[in-house]
Amino acid sequence: MEDKVILLDFWSSSYAMRVRIALEEKGIQYEAREQNLVDKSPLLVDMNPIHKMIPVLIHNGKPTCESLVIVEYIDQVWNDRSPLLPSDPYQRSQARFWADYIDKKIYTNGKKLWREKGEKQEEVKREFIAGLRALEGELGEKVYFGGERIGFVDVALVPISSWFYSFEKCGNFSIEKECPKIVAWVKRCMQKKSVSKSLPDPQKIYGYVLQLKQKLGID
Amino acid sequence: MAEEVILLDFWSSPFGMRVRIALAEKGVKYEYREEDLRNKSPLLLQMNPVHKKIPVLIHNGKPICESLIAVQYVDEVWKDKSPLLPSDPYLRAQARFWADFIDKKIYDIGRKIWTTKGDEQEAAKKEFIEALKLLEGELGNKPYFGGESMGYVDVALIPFYSWFYAYETCGNFSIEPECPVLIAWAKRCLQKESVSKSLPDPQKVYEFVLVLKKKFGIE
């Protein structure tokens with residue numbers, strides 16, 4: 001029986017990009033369905049009644065929600081190729097720890113960075129940079145967080161790089177200057193088709209951010 | 001080789017309780033170390049330099065931080081007894097989803113109940129009951145979230161039951177009339193020694209909350 005895989009998606013969502021990368025890494029055929037987040041489809045509301053958010057992975061009719069939960073699910077179901085999580089329980093716990101850290105320190109601050117101004121923005125920038133620096137420490141001299149191949153932490157983090165240009169313009173700083181190792185790691189990841197196919201053009205993200213700022217009345 | 005398991009914890013932390021319950025379910029012998037959170041031990045700072053928080057599980061000298069990550073680790077290492085996560089990837093994803101829901105909703109909203117007053121407190125109470133009702137929906141007719149025996153979601157949620165009396169007293173409301181199925185589930189869990197030995201007396205938790213309120217100048 002053939003697998004039917006649908007991804008309820010939104011082009012600029014870093015969370016959705018994580019799932020796209022995981023599906024690409026595993027070579028899974030899937031249908032991406034771009035969602036309207038203002039006027040949510042009955043399918044989205046039916047498949048994610050609790051949060052009504054994307055991404056949602058629908059595998060043979062059954063929904064899984066929350067990006068990192070979905071990535072682990074994909075890794076477990078299609079476990080015969082491109083493993084994303086380590087097999088050793090301790091290393092697995094460390095990978096989960098850093099993915100959780102990325103959610104708490106990078107993604108959460110990223111969301112605030114382009115919306116804030118003045119001292120509040122400076123505070124968010126500081127936390128964001130400190131978060132990336134801690135991740136640089138974890139990366140160390142490795143090619144990827146996953147070692148020789150991309151893994152769970154790489155998949156969790158790399159999507160937000162498509163927003164770096166927007167953060168830099170809105171926050172008036174250079175991420176490369178502050179965290180050169182992370183930027184070098186991003187460039188390495190982008191050489192992989194699974195990543196470059198899954199991330200949008202940073203200029204498009206910036207255009208979108210400008211639109212959102214106008215709509216929200218943020219100057 | 002003898003296993004050395006240490007848990008850095010704080011008696012009233014629902015997050016610490018999760019790990020205590022998981023270790024008890026698995027019959028793992030461990031050393032419990034109470035931390036003074038105003039004067040954190042060098043060991044805590046060394047073992048969790050990123051967040052400097054409890055709980056930290058230390059297994060043969062290696063630290064695992066973040067309660068749900070530690071619970072998953074315990075489940076994977078001591079896998080021959082009392083499985084907490086289901087073996088089926090889809091059911092496992094659903095368990096992770098609900099544990100994530102509990103993390104996102106219960107602690108923060110519960111905290112608002114005892115740290116705010118007036119309209120803000122009323123809104124928090126409403127949100128809290130709504131979240132509990134969604135959990136009741138997920139429980140359905142099952143004795144436990146894990147089915148016939150306690151599982152990951154039960155372990156994630158039951159610690160907060162020790163804080164219900166504090167929430168109810170501070171918020172001047174009663175949870176049982178709103179969520180009788182959930183309260184029945186909680187009492188069922190408390191009949192298990194792994195749970196009853198891991199949860200503090202709700203009265204003590206309430207007295208602790210009063211001390212905190214005084215310290216933070218909340219009346």
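Computed from a prediction, not measured in an experiment: that's the story for all the values here.

How each quantity is defined
Residues numbered from 1 in each chain as written. Chains lettered and ligands numbered in written order. Predicted model: local features only at pLDDT ≥ 70, side-chain atom pairs only at ≥ 80, totals over all residues. Heavy atoms only, no water. UniProt positions renumbered as here; feature names shortened; annotations may be inferred. Helix = DSSP H or I, 4+ residues; strand = E, 2+ residues; numbered from the N terminus. Contact = heavy atoms within 4.5 Å. Pairing = 2+ DSSP bridges. Axes fitted to C-alpha atoms, helices over the stretch in contact; angles between N-to-C directions. 1 Å grid on protein atoms, 1.4 Å probe; cavity = no way out; pocket = protein on both sides within 12 Å on 5 of 7 lines; lining within 4 Å. Points joined across faces, edges and corners; volume = space filled by probe spheres on them. Nonpolar A, V, L, I, M, F, W, Y, C, P; charged D, E, K, R; others polar. Buried area = accessible area lost by both parts, 1.4 Å probe. Salt bridge = Lys/Arg side-chain N within 4 Å of Asp/Glu carboxyl O. Left-handed = near helix turned anticlockwise from the far one by under 90°. Phe/Tyr/Trp six-rings, centres within 6.5 Å; stacked < 30°, edge-to-face > 60°. Buried < 20%, exposed > 50% of the residue type's maximum accessible area, 1.4 Å probe, protein only. Lys NZ or Arg CZ within 6 Å of the ring centre and 35° of its normal.

Peer 1: Please give an account of the UniProt feature "domain: GST N-terminal" (unreviewed entry) in chain A that cites residues and values.
Peer 2: The positions that UniProt labels "domain: GST N-terminal" (unreviewed entry) are, in the present scheme, residues 3-82 of chain A. With 36% helix and 21% strand, residues 3-82 of chain A has end C-alpha atoms that lie 18 Å from one another.

Peer 1: Now, about the environment of B:Leu84: what can you tell me, with residues and values included?
Peer 2: Residues and elements named next belong to chain B. Structurally, Leu84 can be placed in the loop between helix H3 (67-77) and helix H4 (89-115). Separated by 62 residues in the primary sequence, Leu84 and Ala22 place their C-alpha atoms 8.0 Å from one another. If sequence neighbours within four positions are ignored, Leu84 has contacts with Ala22, Lys26, Val71, Asp75, Met150, Gly151, Tyr152 and Val155.

Peer 1: Account for the sheet that holds strand S2 (residues 31-34) of chain B, naming residues and giving values.
Peer 2: All names here are of chain B. The sheet built from four strands is open, its strands ordered S2-S1-S3-S4 with mixed pairing. Each edge of the open sheet is held by one strand with a lone partner, namely S2 and strand S4 (62-65). Neighbour-to-neighbour, the strand axes of the sheet open up by a mean angle of 20°, direction not taken into account. Pairing of strand S3 (residues 56-59) with S4, which is carried by four bridges, proceeds in the antiparallel orientation. Bridge assignment links Ile58 to a residue of S4, and that residue is Pro63.

Peer 1: Kindly report on the sheet that holds strand S2 (residues 31-34) of chain A, identifying the contributing residues and their values.
Peer 2: Residue and element names in this part refer to chain A. Pairing is mixed in the open sheet, where four strands are placed in the order S2-S1-S3-S4. The open sheet has two edge strands, S2 and strand S4 (62-65), and neither has a second partner. For this sheet the average axis-to-axis angle between neighbouring strands, irrespective of direction, equals 20°. Judged from the four bridges that link them, strand S3 (residues 56-59) and S4 form a sheet pairing that is antiparallel.

Peer 1: Residue-level account of the layout of surface pockets, with values.
Peer 2: Empty space left among the atoms is revealed by rolling a probe the size of a water molecule over them. Here the second largest pocket defines a volume of roughly 400 Å³. Looking at the second largest pocket, it is lined by 19 residues, and the ones nearest its centre are A:Arg92, B:Asp75, B:Glu76, B:Pro86 and B:Arg92. Those elements giving two or more residues to the lining of the second largest pocket turn out to be helix H3 (67-77) and helix H4 (89-113) of chain A together with H3 and H4 of chain B. Its residues assigned to classes, the lining of the second largest pocket comprises five nonpolar, four polar and ten charged.

Peer 1: For the interface of chain A and chain B, give the residues involved together with the corresponding values.
Peer 2: Contacts between chain A and chain B engage 25 residues on the former and 24 residues on the latter. Of all residues in chain A, A:Ile50, A:Tyr90 and A:Phe97 give up the largest surface area on contact with chain B, accounting jointly for 27% of the area buried on that side. Connecting chain A to chain B are five salt bridges. Residue A:Glu66 pairs with B:Lys104 through a salt bridge whose shortest N-O separation is 2.7 Å.

Peer 1: Any chance you could break down the UniProt feature "domain: GST C-terminal" (unreviewed entry) in chain B for me, citing the residues and the numbers?
Peer 2: As annotated in UniProt, the feature "domain: GST C-terminal" (unreviewed entry) corresponds to residues 88-208 of chain B in the numbering used here. The distance from the first to the last C-alpha atom of residues 88-208 of chain B is 41 Å, and the span holds 76% helix and 0% strand.

Peer 1: I'd like a description of the packing of helix H5 (residues 118-139) of chain A against helix H7 (residues 164-171) of chain A, backed by residues and values.
Peer 2: All names here are of chain A. As a packed pair, H5 and H7 sit with axes 11 Å apart at the nearest point and diverge in direction by 145°. Every pair of crossing elements has a handedness; the one defined by H5 and H7 is left-handed. Contacts between H5 and H7 involve Gln121, Lys125, Phe128 and Leu132 on the former and, on the latter, Phe164, Phe167, Cys170 and Gly171. Looking at side-chain class alone, the contact of H5 with H7 contains five nonpolar, two polar and one charged residues.

Peer 1: Please set out the packing of aromatic side chains residue by residue, giving values where relevant.
Peer 2: Under the counting rule described, the total for this entry stands at 27 aromatic pairs over all chains. Taken together, a centroid distance of 6.0 Å and an interplanar angle of 85° make the contact between B:Phe15 and B:Phe160 edge-to-face. Of this pair, B:Phe15 sits in helix H1 (residues 14-25) while B:Phe160 sits in the loop between helix H6 (152-157) and helix H7 (161-171), and the two are 145 residues apart along the sequence. A relative accessible area of 0% places B:Phe160 in the buried class. Three or more aromatic residues joined by ring pairs form one cluster here, namely B:Trp114, B:Phe128, B:Tyr161, B:Trp163, B:Phe164 and B:Tyr167. Lying across the ring of B:Tyr90, A:Lys62 places its NZ or CZ 4.5 Å from the centre. Here B:Lys62 stacks its cationic end above the ring of A:Tyr90, 4.5 Å away from the centre of that ring.

Peer 1: So what about the UniProt feature "domain: GST N-terminal" (unreviewed entry) in chain B? Which residues, and what values?
Peer 2: Feature annotation in UniProt assigns "domain: GST N-terminal" (unreviewed entry) to the following positions: residues 3-82 of chain B. For residues 3-82 of chain B, helix accounts for 36% and strand for 21%, while the C-alpha atoms at its two ends are 19 Å apart.

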